[in-house]
Amino acid sequence: MAAPQYEIINMSVSDLDRIDLPRFQRRFVWNRRKKESFITTLHEGLPFGAVLVYPKSKAPDAPLLILDGQQRLSTIREFRANPLIYWKSLEHEEYTQQLNNVNECLSDERKLQEKDFDSLLEEQDDALDDWLDDIDDKTSRKRVRALIRQIKGLMSNYINLDSLKIPAIEFRGSQERIADVFANLNQGGVPLSKYEIYSAAWIHTEIHLDKSKLQESILWNVKQHYADMSQNTEFELDGFSEDELTQERVVTLSELGIALGMFIRDNLKALAPQTDNAAAELGFGILGIATDTDNRKLETLINSVDDIESELSTILSKVNRICRNLQDLFSKILKRFKSSKNDEYALGISTTFKTLSYFSALWSLDPDSNDYRQSLKNIKAYYLYDALSKSWQSKGDLRLMDYYPSHHRRDYLTKIKREAFIEVFNRWLSDCAPGVNFSKEITAIVTIHANLTYLAKTVSYGESFELEHIIPRKLISTHDNKNPKKVMGNSVGNCMYLPRIDNNKKKDKTLYDVNQAGRYDKLIRESLYFSQPELDMAIKAIERHEFAVANEEISRRARKVAEATIEALLA
């Protein structure tokens, strides 16, 4: 059994002066209600949770960094500095009675309002004496003096700070284990993500940003991160000032990771999942790639703060370039065609680890080299191939390491063999279950096929298309109306982008029904749409409940779509 790396100690209030809070500590803090609840706990002598501290050196009286429990300690400090703000609120009836007692000793023209009364209670004795000297009546002056002193005693004794013991855990292990310790202490209640743990555990780190364009973007993202959080929490954000952040340009390691992920998410919309959690995974993942840190051990990034700061310009330059390259690549195949021109992409088979593998494989390659260009060219095929083969479905963080420049056990230099691609695609098609709703995977695959074939050739500017069923959904649902479903109405073979105007008006029609004057002849041909006899056969089979016959027609088109998509990706 390993020797304990911590000691459980009891701190007195005077020991709070040993606590070395960082120069800045942006975090959400307790609101007034939570603070008052904690003061009530102390007043009633009830137990409360331990704080976590970390000595800055091995000296017996070394300053302590507060890792967890700042809200408790700052509330105690606040009470010690000004007990009135808590006593007045928590014992308001007593406060009012004491104000009345004082006013009974004063003439009408000298009676106190709450504001003036509070000022007297907060003043030092010398200032109180100056105010009392203006009371002419000696008896009243003596009585008011005694009352004020009594009230001050009530306030300061509301919590006996002299005897208060603050339970603390003094962690003495390696600083890279701070995040693990913090996570273990916060297993109860609402679970924290590892990125939230890093935000708390790495609050003492500092990274200085310069005024270059890319580092300006990181700084802006930190501001935006806190602006977004401020709108979605019952806590108050403490220690955050946009002006101060702009002037000092200092962020924590955690803030850098989050802001970097936001940069990737915003500049790689065609590929990166557009969620806050995905942004964090991407940002911290990039820092792992840049420092050769195992994604499963990102807590050790704290050991690389100096290296990250010194190499930050290079890191951001690489991220920016790879983002532009990948955005250009994937915007062409994942764009959902709509006349509104909004950036909307089919991200159903995108994952963060798969995306990070592209950064990792390209990270150390010369962008002007053939290897870099060939990797980019192959990545779009691997994007679909890996989804069909479920390569990233489990242990993605372990697989990602294979693409690290230092490991180089995998890359995207080797072109996928056509036969292997077709085999994987057909196996994936055979695993699909019947139904009528398109999955996010189907949507993405059909979008890729459309962008590489018929949408790239036949769509006129301004015409809007919508993902829809070829054999109308209404017809399928009418006849295949029991569970489990029998018709493969949700298959790649029955899904494509159809003209929105005609489709919305004629949900029960096919392209042949609206193909006046051969308007859609080219679209029918280039989209691998069913031939008229094939479509008639499938529809009649569904109407007769011969679902296997209909499914064979749908599967035949699915295989054609698969081969056409593969040919285009490998071209």
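This text follows the structure it describes.
Given the structure is predicted, the values throughout are model-derived calculations rather than measurements.

**Concerning unusual backbone geometry**
Here the amide bond leading from N483 into P484 is cis, since omega sits at -5°, within 30 degrees of zero. Structurally, P484 can be placed in the loop between α22 (473–479) and β10 (495–499). Backbone geometry at D292 places phi at a positive 55°, although glycine is not the residue there. Inspection of the secondary structure assignment puts D292 in the loop between α13 (276–291) and α14 (305–310). The residue L528 is not glycine, and still its phi comes out positive at about 60°.

**Focus: helix α12 (residues 253–267)**
Along its 15 residues, α12 runs 21 Å from first to last C-alpha, staying within 8% of the 21 Å computed at 1.5 Å per residue. Along α12, 13 of the 15 residues are buried, which leaves the element largely enclosed by surrounding structure.

**Comments concerning the packing of aromatic side chains**
Under the definition given, this model contains 19 aromatic pairs. Each ring, one from Y95 and one from F117, has its centre 5.4 Å from the other, and the planes form 55°; the classification is tilted. Taken together, the residues Y95 in helix α4 (residues 92–104) and F117 in helix α5 (residues 114–122) connect sequence positions 22 residues apart. When sorted by exposure, Y95 lands in the same class as F117, which is buried. Members of the aromatic cluster, each reached through a chain of ring pairs, are F330, Y358, Y382, Y383, W392, Y403 and Y412. Here K335 stacks its cationic end above the ring of Y345, 5.3 Å away from the centre of that ring. The ring centre of Y383 lies 4.2 Å from the NZ or CZ of K354, which sits over that ring.

**Quick notes on the side chain of R399**
Examined against the element boundaries, R399 turns out to sit in helix α18 (residues 396–401). For the buried R399, no salt bridge is present, and the opposite-charge side chain at shortest range is D386, 4.0 Å distant. Not counting chain neighbours up to four residues away, the residues in contact with R399 comprise D386, S391, W392 and R410.

**Things to note about the nonpolar core**
Among the nonpolar cores identified, the biggest contains 130 residues, and I286, V319, L326, F330, F359, F421 and I471 are the most heavily contacted of them. Looking at this core, the element that brings in the most residues is helix α15 (residues 312–334), giving eleven residues. Look past the residues within four positions of F359 in its chain and what remains in contact with it is I264, L268, I286, I289, V319, I322, C323 and L326. Membership of the second largest hydrophobic core comes to 44 residues, among which are M11, W30, W131 and Y158.

**Thoughts on the sheet that holds strand β1 (residues 6–11)**
One open sheet holds the four strands; their spatial order is β1-β5-β3-β4, and the pairing between them is mixed. Each edge of the open sheet carries a strand with a single partner, namely β1 and β4 (64–68). Averaged over neighbouring strand pairs, the angle between their axes works out to 35° when direction is ignored. In terms of strand pairing, β1 meets strand β5 (residues 166–171) through six bridges, oriented antiparallel. Within the sheet, the bridge partner assigned to I9 lies in β5 and is A168. This element, helix α2 (residues 70–81), spans β3 (51–55), β4 and β5 of the sheet and lies at about 120° to β4.

**Describing the packing of α15 against helix α17 (residues 370–388)**
Any two packed helices are characterised by the angle at which their axes cross and by the distance between the axes. Between α15 and α17, the least distance of the axes is 11 Å, while the angle of their chain directions is 40°. As summarised for this structure, α15 and α17 are arranged oblique, according to the angle between their axes. The chirality of how α15 crosses α17 is right-handed. Taking contact as the criterion, the partners of R321, I322, N325, L326, L329, F330, I333 and L334 in α15 are, on α17, Y372, L376, I379, K380 and Y383.

**Brief notes about the environment of I85**
Tracing the backbone shows I85 in helix α3 (residues 84–90). On the basis of relative accessibility, which here comes to 32%, the residue I85 falls in the partly exposed class. Setting aside residues no more than four positions away along its own chain, I85 makes contact with R32 and E78.

**A few points about the pattern of salt bridges**
Under the defined criterion, the tally for this structure stands at 19 salt bridges. Of the charged contacts in the structure, one is a salt bridge between R249 and E216, with a shortest N-O distance of 3.0 Å. Of this pair, R249 sits in the loop between α11 (242–248) and β8 (250–251) while E216 sits in helix α10 (residues 213–230), and the two are 33 residues apart along the sequence. For R249, a relative accessible area of 6% translates into the label buried. We note a salt bridge from D266 to R265, for which the minimum N-O separation is 3.4 Å. Judged by its relative accessible area of 35%, D266 is partly exposed. In the salt-bridge network here, residues are joined through shared partners; they are E552, E553, R556 and R559.

**What to know about the environment of L429**
Following the sequence through the fold, L429 ends up in helix α19 (residues 418–431). C-alpha of L429 to C-alpha of A562: the two residues are 133 residues apart in sequence and 9.1 Å apart in space. Leaving out residues up to four positions away in the same chain, L429 has contacts with V492, A558, R559 and A562.

**So, the layout of surface pockets**
When its volume is computed, the second largest pocket comes out at roughly 390 Å³. Residue lining of the second largest pocket: 22 residues in total, with G348, I349, A387, Q393 and E441 positioned closest to the centre. By residue number, the principal contributor to the lining of the second largest pocket is helix α20 (residues 440–452), which donates four residues. Grouping the amino acids of the lining of the second largest pocket by side-chain chemistry returns nine nonpolar, eight polar and five charged.

Rules of the game
- Residues numbered from 1 in each chain as written.
- Predicted model: local features only at pLDDT ≥ 70, side-chain atom pairs only at ≥ 80, totals over all residues.
- Heavy atoms only, no water.
- Helix = DSSP H or I, 4+ residues; strand = E, 2+ residues; numbered from the N terminus.
- Expected span 1.5 Å × (residues − 1).
- Buried < 20%, exposed > 50% of the residue type's maximum accessible area, 1.4 Å probe, protein only.
- Phe/Tyr/Trp six-rings, centres within 6.5 Å; stacked < 30°, edge-to-face > 60°.
- Lys NZ or Arg CZ within 6 Å of the ring centre and 35° of its normal.
- Lys, Arg positive; Asp, Glu negative; His and termini not counted.
- Salt bridge = Lys/Arg side-chain N within 4 Å of Asp/Glu carboxyl O.
- Contact = heavy atoms within 4.5 Å.
- Core = buried A, V, L, I, M, F, W, Y, C linked by side-chain atoms within 4.5 Å.
- Pairing = 2+ DSSP bridges.
- Axes fitted to C-alpha atoms, helices over the stretch in contact; angles between N-to-C directions.
- Parallel < 35°, antiparallel > 145°, perpendicular 65-115°, else oblique.
- Left-handed = near helix turned anticlockwise from the far one by under 90°.
- 1 Å grid on protein atoms, 1.4 Å probe; cavity = no way out; pocket = protein on both sides within 12 Å on 5 of 7 lines; lining within 4 Å.
- Points joined across faces, edges and corners; volume = space filled by probe spheres on them.
- Nonpolar A, V, L, I, M, F, W, Y, C, P; charged D, E, K, R; others polar.

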